[in-house]
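A structural walkthrough
Residue strings, one per chain:
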Amino acid sequence: MKIEVLREDITTLDVDAIVNAANKTLRGGGGVDGAIHRAGGKEILEECKKIGGCETGEAVITTAGKMPAHHVIHTVGPVWNGGENNEDELLQNCYKNSLQVAVEHDLKTIAFPNISTGVYGFPKERAARVAVETVEQKFGYKPSIEKVFFICFDMENYDLYEGMIKE
Ligand code: AR6
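Residues numbered from 1 in each chain as written. Predicted model: local features only at pLDDT ≥ 70, side-chain atom pairs only at ≥ 80, totals over all residues. Heavy atoms only, no water.

The name given to the protein in an unreviewed UniProt entry is O-acetyl-ADP-ribose deacetylase, with Salicibibacter cibi as the source organism.

Encoded structure:
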């Protein structure tokens, strides 16, 4: 079971599942959510509509449509609100519940974007720490996952994750 940090557009990856930093409506949006819906096509939105919505910290799975990945796991990150409003725990839940969904579907490879660090304003270093710690802990219990990719779109996140993984 390995962790790899990549600086890529998540929509191009050929993995079992890419994770989407969605919103509660699951109807698409900007950032990585917009990129995923654009690249995957309308099938994703159709499945999302059937699911209905998703609470913060929870995760649901759909097809990846036209993208090389096989599935999209949609999770809803917390909106940063000063740091004393359960943001860390909710972000942790995003990673835990996405991994849980992957395991339930017997998926081996999963790629995460830097959830909540764009529009939702979560400080990048703190978010990276939560992401890495959560995934590393979870590894011990989840043998069916072989590889987790942290996909960093900007150089700041890439450097943060590279540093933490080396630790
Ligand atoms: N591949 C990988 N990462 C990306 C890509 C991409 N193609 N595009 C952006 N990122 P954000 P959030 C990075 O804002 O903060 C949406 O409107 C980006 O650089 O996409 O969780 C939803 O509908 C950043 O590091 O998600 C919600 O309303 C990271 O993805 C809201 O934004 C997350 O930034 C969610 O906000």
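Text resumes after the structure shown.
**Re the sheet that holds strand S4 (residues 71-76)**
The mixed open sheet is built from six strands, whose spatial order is S1-S6-S5-S2-S4-S3. In the strand order of this sheet, the two ends are held by strand S1 (2-6) and strand S3 (59-63), each with one partner. Pairwise comparison of adjacent strand axes, ignoring direction, gives a mean angle of 25° for this sheet. Packing against the sheet, helix H1 (residues 31-40) makes contact with strand S2 (17-22) and S4, and its axis sits at approximately 130° to S2. (Pairing = 2+ DSSP bridges. Helix = DSSP H or I, 4+ residues; strand = E, 2+ residues; numbered from the N terminus. Axes fitted to C-alpha atoms, helices over the stretch in contact; angles between N-to-C directions. Contact = heavy atoms within 4.5 Å.)

**Let's talk about the site of the ligand**
Inspection of the region around the ligand gives 22 residues, with Asn23, Gly30, Val32, Asp33 and Val119 positioned closest. One nitrogen or oxygen atom from the main chain of serine 116 is found 2.8 Å from an oxygen atom belonging to the ligand. In this structure, tyrosine 120 approaches the ligand through a main-chain N or O atom, which is 3.0 Å from an oxygen atom. Breaking the shell around the ligand down by element, the ones donating at least two residues are S2 and H1. Here the residues of the shell around the ligand are counted per class, giving eight nonpolar, 10 polar and four charged. (Near = heavy atom within 4 Å. Polar contact = N/O pair within 3.5 Å; in protein donor to acceptor, adjacent residues only side chain to side chain. Nonpolar A, V, L, I, M, F, W, Y, C, P; charged D, E, K, R; others polar.)

**Some remarks on the confidence of the model for the protein**
Regions with low pLDDT should not have their predicted coordinates read in detail. Averaged over all residues, the pLDDT of the protein equals 95, while 96% of them reach at least 70. Of the two predicted TM-score estimates for the complex, the pTM is 0.97 and the ipTM is 0.99. (pLDDT = per-residue confidence, 0-100.)

**A look at the nonpolar core**
Counting residues in each nonpolar core, the largest one holds 30 residues, and the members touching the most others are Ile73, Tyr95, Ile110, Phe112, Val148, Phe150 and Tyr161. Looking at this core, the elements with two or more residues in it are S2, S3, helix H3 (87-104), strand S5 (109-112), helix H4 (124-139), strand S6 (147-151) and helix H5 (155-166). Filtering out sequence-adjacent residues up to four positions away, tyrosine 95 remains in contact with Phe112, Pro113, Asn114, Ile115, Ala131, Thr134, Val135, Phe150 and Tyr161. Ile36, Ala64, Val72 and Phe149 belong to the second-largest nonpolar core, a separate cluster that totals 20 residues. (Core = buried A, V, L, I, M, F, W, Y, C linked by side-chain atoms within 4.5 Å. Buried < 20%, exposed > 50% of the residue type's maximum accessible area, 1.4 Å probe, protein only.)

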